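Given next are the chains, with one letter for each unit.
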Amino acid sequence: MDTHNIYIQRCLQLAKNGSGTCYPNPMVGSVIVYNNKIIGEGWHYKAGKPHAEVNAIQSVKNQSLLKDATIYVSLEPCSHYGKTPPCSDLIIEKGIKKVVIATIDPFAKVSGRGIQKLINAGCDVVVGVLETESHELNKRFFTFHTKKRPYIILKWAKTKDGFIAPLNTQKREPVWITNKYSRQLVHKWRAEEQAILVGNQTVVKDNPTLTTRDWNGPHPIRVIIDRFGKIPKASNVLDQTTQTIIITSEEFKKENNKNIIYEVIDQKNNEVDQICDILYRYNIQSVIIEGGAVTINTFVNQKIWDEARVFEGNLSFGMGIKSPVINGRLVSERKIMNDTLKTYRND
């Protein structure tokens, strides 16, 4: 493996330590190398705290070595004053002349400016090492800044005979297709994404809480599509335990309160585009869509989705609501006891 690749791979490994703690910033790792030996490492662990490059530089015991060292970083060093000073300025100040960067930062206030500042200061800059891997690590951040919408994950479970739900249920609670281990994994996913979205039929039929009850982690922002005000007042999603956005029409909009926010969409315009615009406005970088077949198919038909996670349980309904059908690239398949989980990408 190329030497640059080895050290950028280490940067990516370090960056993952910031998973779940550095939002809305990307996960970034950095290493400093002198005479083919790593003398400093760091990662960005929380928004508002020092960036990866700062932590790596501060970890070097003999600062005099920096002028002859190479700094590796998984994302372009920032060039602007935000909650912290520009990392590119610190690199220049410390006299580091060699900089290897995995990829350019898509954030408008950075996007090439950090690299240009380093070049203008006489630094030897290499860009594009393990670029694909860097994009994958921060796919939510990159999607948000390049497509101006959140990274969209579709999730559903289907039976062996291809149904997502029975036609009718007597009780207002979910009909489980998957086992408890698969359901716990879904709660882990909820803790990893910023928002969860369902349609009003899911709320009416199943009365879900859409929280991380079976996993230790933050609750996602709940987003409910309820264009015609059909959600019952006693629904769990209205319990105000976590922030909830109700997407509705002007006619059924209500006054916002503690944790319930109403957003209006126009029935005459593209629903998916409007929903994405609302989520973008709330700085939501990722959303997992667990809604029923109608909601999921709305996004599938518009071809606006990035990833689909599809469970197949070990039972049959014989008849019911058909599972969505997608045209995507299968990237993984695994067994979870007697369930099968397949993950697709929309290329």
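For the structure itself, look to the data block above.
Note that the structure is predicted; figures quoted are calculated from it, not measured.

*Asks:* Help me out: how do you make sense of helix H9 (residues 271-281) in this one?
*Replies:* The periodicity of an α-helix, 3.6 residues per turn, causes residues three or four positions apart to be oriented the same way. For H9, the complete set of buried residues consists of Glu271, Val272, Gln274, Ile275, Cys276, Ile278 and Leu279. Capping the start of H9, Asn270 holds a side-chain oxygen 3.0 Å from the backbone nitrogen of Val272, two or three residues further along. The first or second residue beyond H9 is Asn283, which carries a positive phi of 60 degrees.

*Asks:* What am I meant to see in the pattern of salt bridges here?
*Replies:* Counting across every chain of the model gives 18 salt bridges. Of the charged contacts in the structure, one is a salt bridge between Lys139 and Glu307, with a shortest N-O distance of 3.1 Å. Of this pair, Lys139 sits in helix H6 (residues 139-147) while Glu307 is found in strand E13 (residues 307-312), placing the two residues 168 residues apart along the sequence. The class for Lys139 is buried, based on a relative accessible area of 14%. The exposure class of Glu307 is buried, given its relative accessible area of 4%. Glu193 is the salt-bridge partner of Arg140, the closest N and O atoms lying 2.8 Å from each other. Here Arg140, found in helix H6, pairs with Glu193, found in the loop between helix H7 (180-192) and strand E8 (195-199); they are 53 residues apart in sequence, far enough to count as distant.

*Asks:* I tried to follow the sheet that holds strand E11 (residues 260-264) on my own but got confused; where do I start?
*Replies:* Strand pairing in a sheet relies on backbone hydrogen bonds. The paired strands run either parallel or antiparallel. Within the open sheet, the nine strands sit side by side as E11-E10-E9-E8-E12-E6-E13-E16-E15. Their pairing is mixed. Of all the strands in the sheet, the pair left with one neighbour each is E11 and strand E15 (329-336). Mean inter-strand twist for the sheet, computed between neighbouring axes without regard to direction, equals 20 degrees. In this sheet, strand E16 (residues 339-345) lies alongside E13 in antiparallel orientation, the contact comprising six bridges. Bridge pairing in E16 places Ala308 opposite Tyr344.

*Asks:* Mind showing me how you'd approach the environment of Ile57 here?
*Replies:* Locating Ile57 in the fold gives a position in helix H2 (residues 52-58). We classify Ile57 as buried; its relative accessible area is 2%. For the pair Ile57 and Glu41, spaced 16 residues apart in the sequence, the C-alpha separation amounts to 7.5 Å. Residues within four places of Ile57 in sequence aside, it is in contact with Ile32, Gln63, Leu66, Ile71, Leu90, Ile91, Lys94 and Ile96.

*Asks:* Before we go on, may I ask you to explain the sheet that holds strand E3 (residues 70-73) in this structure?
*Replies:* Read from one edge of the open sheet, five strands run E2-E1-E3-E4-E5, paired in mixed fashion. Two strands in the sheet have a free side with no partner beyond their single neighbour: strand E2 (37-43) and strand E5 (124-127). Taken pair by pair, the neighbouring strands of this sheet meet at an average axis angle of 15 degrees, ignoring direction. Where helix H1 (residues 3-15) meets the sheet, it contacts strand E1 (29-34), E2, E3, strand E4 (98-101) and E5, and its direction lies at approximately 140 degrees from that of E1. Against the sheet, helix H4 (residues 113-120) engages E4 and E5, with an angle of about 150 degrees to E5.

Conventions we followed
Residues numbered from 1 in each chain as written. Predicted model: local features only at pLDDT ≥ 70, side-chain atom pairs only at ≥ 80, totals over all residues. Heavy atoms only, no water. Buried < 20%, exposed > 50% of the residue type's maximum accessible area, 1.4 Å probe, protein only. Helix = DSSP H or I, 4+ residues; strand = E, 2+ residues; numbered from the N terminus. Polar contact = N/O pair within 3.5 Å; in protein donor to acceptor, adjacent residues only side chain to side chain. Salt bridge = Lys/Arg side-chain N within 4 Å of Asp/Glu carboxyl O. Pairing = 2+ DSSP bridges. Axes fitted to C-alpha atoms, helices over the stretch in contact; angles between N-to-C directions. Contact = heavy atoms within 4.5 Å.

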